[in-house]
Amino acid sequence: QVQLVESGGGLVQAGGSLRLSCSASGRVININAVMAWYRQAPGKERELVATITIGGSTNYIDSVKDRFTISRDIAKNTVDLQMNSLKPEDTGVYYCNRRQVGGEYWGQGTQVTVSS
């Protein structure tokens, strides 16, 4: 089993920044691992925001490109999401996700609220 713990959510005004962090522990296996951040806005489906492979390749949904940056620290088993120029539509619960040999794992989520 792998445990994922997110931190860094909060309330911010539009145009502000937040940095989310996800720490993995337990049976962490880095071979072919892919880490991601998802979010779920009130009344909406959970959506993929950004992914990063263990090799460092990244992908983003169009609405966050040039504003969000996903990064990972292999030695610390962490994956971060730097969010700049935040908009009210970025509001939601953000979840860390990890896919690796042995399964797929989710964090408990952290709330991000962007006020207009």
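Shown above is the structure to which this text applies.
Quantities reported herein were computed from a predicted structural model and do not represent experimental measurements.

Draft legend 1. Expanded view of the sheet that holds strand 1 (residues 2–7). Taken together, the 4 strands give an open sheet; going across it, the order is 1-3-8-7, and neighbouring strands pair in antiparallel fashion. Strands with a single pairing partner mark the edges of an open sheet, and in this sheet they are strand 1 and strand 7 (68–73). Within the sheet, the average angular offset between the axes of one strand and its neighbour, ignoring direction, is 15°. Sheet analysis places strand 7 next to strand 8 (residues 78–83), joined by 6 bridges and oriented antiparallel. Bridging from a neighbouring strand, S71 pairs with D80 of strand 8.

Draft legend 2. Looking closely at the state of the cysteines. In this structure the tally under the stated criterion is 1 disulfide. Between C22 and C96 runs a disulfide, and the two sulfur atoms are separated by 2.1 Å. Looking down the S-S bond of the C22 and C96 bridge, the torsion is -80°, so its handedness is left-handed. Remark: C96 occurs in strand 9 (residues 92–100) and C22 occurs in strand 3 (residues 18–26); sequence separation between them is 74 residues. Each member of the pair, C22 as well as C96, is classed as buried.

Draft legend 3. Representation of the pairing of strand 9 within the structure. Here strand 9 lies mainly inside the structure; 7 of its 9 residues are buried. Examined bridge by bridge, strand 4 (residues 34–40) and strand 9 share 7 bridges and lie antiparallel to one another. Paired with A36 across the strands is N97, a residue of strand 9. Both strand 9 and strand 11 (residues 110–115) contribute to a ladder of 3 bridges, which runs antiparallel. Note that in strand 11 the partner of G92 across the bridge is V112. Bridge count for strand 9 against strand 10 (residues 103–106) is 4 bridges, and the pairing is antiparallel. Note on strand 10: the bridge partner recorded for N97 is W106. Taking the residues between adjacent antiparallel strands as the criterion, strand 9 and strand 10 are bridged by 2 residues, where G102 takes a positive phi near 105°.

Cut-offs used in this document
- Residues numbered from 1 in each chain as written.
- Predicted model: local features only at pLDDT ≥ 70, side-chain atom pairs only at ≥ 80, totals over all residues.
- Heavy atoms only, no water.
- Pairing = 2+ DSSP bridges.
- Helix = DSSP H or I, 4+ residues; strand = E, 2+ residues; numbered from the N terminus.
- Axes fitted to C-alpha atoms, helices over the stretch in contact; angles between N-to-C directions.
- Disulfide = S-S within 2.5 Å.
- Buried < 20%, exposed > 50% of the residue type's maximum accessible area, 1.4 Å probe, protein only.

As far as function goes, none of this settles anything; it's purely spatial.
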